[in-house]
Amino acid sequence: MKRKIKVRNFHQAKWDEPVIFELSSKGERGILFPEIEKEIEEIVGDGFSTLPENMVRKQPPLLPELSQMQVLKHYLRLSQQTLGADLNVDIGQGTCTMKYSPKINEVLATSPKITELHPSQDESTVQGVLEIIYKLDLFLREISGLDKFTFQPGGGSQAILAMASIIQAYHESRGESEKRDEIISTMFSHPSDAAAPTVKGYKIINIYPNEDGLPAVEALEEAVSDRTAGLLITNPEDTGIFNPKIKEFTEIVHKAGGLCGYDQANANGILGITRAKEADFDLCFFNLHKTFSSPHGCGGPGAGALGVTKELIQFLPVPLVEFDGEKYYFKYDLSHSIGKVRSFYGVIPAILKAYSWIMSLGSEGLKEVAEIAVLNNNYLLKKVLEIQGASAPYAKGRHRIEQVRFSWEKLYQDTGVTTEDVTCRMVDFGFHMWSSHHPFIVPQPFTLEPTESYSKAELDEYIAGLKKVVDEAYENPDFIKNAPHRSVVHKINYDSLDDPEKWAITWRAHLRKNMK
Amino acid sequence: MDKKKKIVHPYIPNSVPEIKAKMLEEIGAKDIDELYEDIPENLRFKGEMNLPEPFPSEYELKKHVEQILSKNQTCKENLSFLGGDSWHHYVPAICDEINQRSEFLTAYAGEPYEDHGRFQTLFEYASMMGELLEMDVVNVPTYDWGQAASTSLRMAARITNRSEVLISENISPDRLLIIKNYCEPVVKIQLIKFSRDTGKIDIEDLKSKLSSDTAGIYFENPSFIGCIEDQGKVISDIAHEKGAISIVGTDPISLGVLTPPSNYGADIVCGDIQALGMHMQFGGGLAGFIATRDEERFVMEYPSRLFGITTTIVEGEHGFGDVTYDRTSFHDRIEGKEFVGTAAALWGITAGVYLALAGPEGMRELGQLILQKSQYAMKKLSEIKGIKIPFKQSAHFKEFVVDFSETGKSVKDINEVLLAKGIFGGKDISSEFPDLGKCAVYCVTEIHTKDDIDKLTQALSDYLEMEDKL
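In this report, we go over the structure that sits alongside the text. Here the residue numbers are simple positions, counted from 1 along each chain's written sequence. Just so you know, chain letters begin at A and ligand numbers begin at 1, following the order they were written in. It should be noted that, the model being predicted, local features are given only for residues of pLDDT at least 70 and side-chain atom pairs only at 80 or more, the latter also being counted only at that level, while totals for whole chains, interfaces and linings use all residues. To get the side-chain values, all heavy atoms of the structure are used, and hydrogens and water are removed first.

## Quick notes on the pairing of strand β4 (residues 188-192) of chain B
Right, so step 1: Relative to β4(B), strand β3 (residues 164-168) of chain B runs parallel, the two being bridged by 5 bridges. Its bridge partner being in β4(B), B:Leu166 is matched across the sheet by B:Gln190. Strands qualify as paired when DSSP identifies two bridges or more between them. For the purposes of this entry, the term helix denotes a DSSP run of H or I that reaches at least four residues, the term strand denotes a run of E that reaches at least two, and both are numbered from the N terminus.

Laid out in C-alpha cells, this is it:
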C-alpha cells in the first residue's frame, strides 16, 4: 500500500497528569539512604547536638511524598507530553539547529570515566578528559582560523558576556575603557549580543536592516566613533542571508579602534566554507549544543566555545588547557585574564559529545554537513514559497544559507490568522513552528531551519503540514484561531501570568493565591 | 581501483547522491556551490580543515573515545574527599533514567502546548525548591552558583538603586572571580572579613563597611570552608537597617536539616543544585538557582524565565506559560534584565526528580547522615598528631578545613602520598587562603562509609608517624 505524503492523523500524548504535589501520599518513600554505622553514632551522637539551635530546621520541607514507581511514572508521562527533536521533524525551531544528537555520544558521556570525575582531581588522574578538551580546542581552531579556545562559558549568551568582558579588559589595558563605552550590534543578531554587553556597562547601538535585510555599511559608519569598543554580530543573521560586506564591517570597526566578535552560535551552514579568520574577527564563539550536536536538554546544559586571536589569549578566563608534548595541564597564569565566567572548565558532557561528533565526521564530513544543511534549506525555501500566504522577505530570488525568516503577512491579511495561530495548529500535527526573536521586524514571522539531519521525505512531510494548516486557515480561520485541538492541552489563558495578584511561579504560591 | 568511495554518513540522509541531485533539480541549481554564491571569493576558505582522520564506523568511534577516557582515574575507582563547588553524592537511578529520556534530552524552545511536559517538570522543580527554601519564586535554572550569586547581586543593585555590594571573604574563591567579572565595573565590591577563630563573618567589620551606598550583602551558608553561619539573622537585620538586601548562597542538600535562609532574613537566596541528582562530570553538572519572595519588586528583576501555572479554556485543565516575559532580554534586548539563554534546564528537571524521590523524610535523613559522617571524620582527623581542625568550635555541614601546618608537610605532599594509596585528599586552599597556613577543604557525604573515613585517617596517620620518626 503506497502512502502518499500527507499529514499525520497525530494526537499528542495527553495524560492529564496532575502536578506532582497532588499525587503525594503521606509516608510514601521514593528512595532510602544508608543507615548510619552504629560505631559512628556512638561517637558523635545524632549529629544535631553540636549545631546551634537556631540553625536546626524545625519544620520539614513540604515536599511531595511518593513511592519510586510513582515518581518514575509521573515523569515518564510528562516526557511523553514533550516534543523532543528525536521524535519529530524538528525543522520549525529556526536558529536553534535542532539536528540529530547521536546516541553513541550519550553512551560515551554517561560513562563513569567521565561522570565520576571531580574537577579538582590531580591533573595526572584526568589526562583523558584534558585530552578531549585540548583536542576540541585544536579542532575549533581549524574550523574558525582563530588561535585558542576556552569552553568555560555555559552557553552562547555567557560566551557573549565573556567576549564583552575581554573587549573591556583589552581597552582597559590600553587606558581606554572609560572612553570606549559603546558596543555595536544588529537587530537580526541574537538579543544576547546586545543584552550581555549591557551587563558590563556598555551602551548598545543596534543597526536595523536595510531593504535588503542586511545591516548597511553606511549605518555602521554612522554608528562607529572613538567611543566604539567593539562590534558583536552574527553572519549569516537570523534571516539566513550572508552579509557579503562583513569584511568591510570589521575593517571599519578596527580602524576606529574597536574589536570584532563573531556570534557563531549557529555555524551550521558554513563549516569549511568561510571562517572567522578570513572575515578578520578577533573573537568568535560556537554553541556546542547547536552546530556541534550536543542535545538541547529543554534549555541546557549547553556550552559556548569561545575562541580568540593570539593577541587576546592573555585576556581569556582561567584556566586554559595546554599540552607540553607529554602531558595535558591547566594554565592559570594569564597576564590580563578576565577571571572566570563559570566555575571550572566548562560543560564537560557537551564538550565530549562535540568532540565525538567531529571525530565521526572529519573535515569532509563537516563540509558535507554544511552543504546539505544549505541544500535542505534552499529546498525548503522553494517549497514554502509555493504555499499561499507565505513569503520570504529580502534577497528575492537569491539563495539562503542555513535558515530562512519567512512571513505569513499575506496569510494574515487574507484570513486574520497570525503566525502564533499557525504555530498552535502546527502542534496538532506534531510540529514546532517558531516565529522570531523580538522585536518582530519581519511581520508575522516564522523561521525554519532544516539542518542536515532530516530526510527529503521528512522535509516534504513538514511542507505538507504547513500547506494543510494554510488551507484550513483560508477555509475556516476560526478553527485555526482556536487551536490546538490535538495537543496536550487546549488554548492557554495567559493573562494571569502578567498580573501580580494572580501569577503563581510555585505550587505553594498557587495554593495561596488561587485556591482560596 | 578507486579506493576512496564517497560514504553516505548516517547523520546526513540527503547526502545520498540521487536525492541530492533530485533536490538540486527541484531548486533549479546546478550544484551546491551555486547555493553559496552570495559568499564573496575573498571570504571563502580555500584550504582544507586540518582535522584528524575520522571514525565513521560507530564501533571504531566508540573504541577511540573510550581509549581516551580510559586514561581517567575516577572517584568510583578511588576514594575521594574532594568538595568545593562540586560534590560527590549518590545519584538515584531514576534521576539518570529521566534525564536520559529522548523527549527531555532533545526538546528545546517549543510552546507550552507540545512542550507542556517540559514546562510542568520545570514548574514542579521550582515548586519543590520553593518548599525546601520556603520561598514562593524560584527561577528556571541558570549556569551555576557563581552566575546565580552574580545575578542576585545585580538584582539587589537594581532594586535599591545603589552600586556597592559587600561580600564575605569566606565564599568560594572561584565564585568571587565570577562575581567580580559580572559586577564590575557597574557595581563595586568590598570584602568582609571572617574570624580566623570561628570561620564566621566578622560582624564588626561588616558594620564598618556598610553604608547607604550598599545595595546588598552576600554570604554563603554553609560557607566555602564548611562552617555553618549562625549569625544570619544579625547580618540580615544589619543589612535591612541600612536599606540593603540580604543575599545568601546555600547548598540545597543541607536544607533537610538546616534552617532555610528565608527564615533568617534572606531576601534573595541562591546556590547550586548539582548535589540534587547530578553526577559531577568534572565540573559539568552545575546549575544555579535564584529564589525570592513573591513581591513585584523582586519578580520584575529576574533575568531568567519564570514559569507560572494557569488555566486553559477547558475546565479542569492546567497550562503553563512565562510570567512577565516582557522583563527578559528575549523581549527587549536592551531594557531587559541582564540576559537569558540556554543554561541548565535538564538539571533542573533532574533536581525535581531527586527531591520527589527523597521527600521530606529523605532530605532529613540525608542531612543527618552527612552531619554524622563529617563530624566523625573531623574528630578522627583531629586525633592525628600534627593535624588540626582550625574552626572546630563552629558547626559544619559536609565540608571542613584541615590544617596540616604543624606536620611540616605541604598539602601537595600530603595529597601525593594519599594519591599513591588511591585516595583523593581534600582541595588545597593554601594559595587561596594563604594566611590560614597549609590547609585543605575536605568533604564527607552520605557516600562515605566508616571504613572509607578510617582508611583516610589510617593512611594519614601512618605517613605522618613514619615522617615523624625520620
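## Re unusual backbone geometry
Right, so step 1: Note the cis peptide between A:Asn235 and A:Pro236, where omega equals -5°.
Right, so step 2: Geometrically, the link from A:Val318 to A:Pro319 is a cis peptide bond, its omega value of 0° lying close to zero.
Right, so step 3: Secondary-structure assignment places A:Pro319 in the loop between β7 (304-308) and β8 (320-323).
Right, so step 4: Positive phi, close to 45°, is recorded for A:Ala395, a residue that is not glycine.
Right, so step 5: Position of A:Ala395 relative to the elements: it lies in the loop between α10 (348-385) and β10 (404-407).
Right, so step 6: Here B:Gln281, not a glycine, exhibits a phi torsion of approximately 55°, which is positive.
Right, so step 7: Along the chain, B:Gln281 falls in the loop between β7 (268-272) and β8 (288-292).

## A word on the sheet that holds β8(B)
Residues and elements named next belong to chain B.
Right, so step 1: Taken in spatial order, the 7 strands of this open sheet run β2-β8-β7-β6-β5-β3-β4, and their pairing is mixed. On the outer flanks of this sheet lie β2 (137-138) and β4, each paired with one strand and no other.
Right, so step 2: Where strand β5 (residues 214-220) meets strand β6 (residues 245-250), 5 bridges bridge the pair, whose relative direction is parallel. Bridge pairing in β6 links Phe219 to Val248.
Right, so step 3: Only heavy atoms matter for contacts: two residues are in contact if any of them lie within 4.5 Å across the pair. The angle between two axes is taken between their N-to-C directions and runs from 0 to 180 degrees, where each axis is a line fitted to C-alpha atoms and a helix contributes only its stretch in contact. Together, β3, β4 and β5 form the strand contacts of helix α8 (residues 173-183), whose direction differs from that of β4 by roughly 150°.

## What to know about the pattern of salt bridges
Right, so step 1: The term salt bridge refers to a side-chain nitrogen of Lys or Arg lying within 4 Å of a carboxyl oxygen of Asp or Glu. For the coordinates displayed, the defined rule picks out 72 salt bridges over all chains.
Right, so step 2: In this structure, A:Glu65 and A:Lys26 form a salt bridge, with 3.8 Å as the shortest nitrogen-oxygen distance. Of this pair, A:Glu65 sits in the loop between α1 (38-44) and α2 (68-80) while A:Lys26 sits in the segment before α1, and the two are 39 residues apart along the sequence.
Right, so step 3: With its nearest N and O atoms 2.5 Å apart, the salt bridge here joins A:Arg512 to B:Asp136. One end of the pair, A:Arg512, is in helix α15 (residues 507-514); the other, B:Asp136, is in the loop between α6 (116-133) and β2, on a second chain.
Right, so step 4: Accessibility here uses a 1.4 Å probe with only protein chains present; expressed as a share of the type maximum, an area under 20% marks a residue as buried, one over 50% as exposed, and anything in between as partly exposed. Overall, B:Asp136 belongs to the buried group, its relative accessible area being 10%.
Right, so step 5: Several salt bridges share partner residues, and in doing so they unite A:Arg508, A:Arg512, A:Lys513, B:Glu131, B:Asp136 and B:Asp294 into one network.

## Brief notes about the pairing of strand β11 (residues 399-403) of chain B
It is a general feature of regular strands that their side chains alternate between the two faces of the sheet.
Residue and element names in this part refer to chain B.
Right, so step 1: Counting buried positions along β11 yields 5 of 5 residues, so the element is predominantly enclosed.
Right, so step 2: On β11, burial covers both faces: Glu399, Val401 and Asp403 on one face and Phe400 and Val402 on the other are all buried.
Right, so step 3: Looking at chain direction, β11 and strand β14 (residues 439-443) are connected through 5 bridges and run antiparallel. Within the sheet, the bridge partner assigned to Asp403 lies in β14 and is Cys439.

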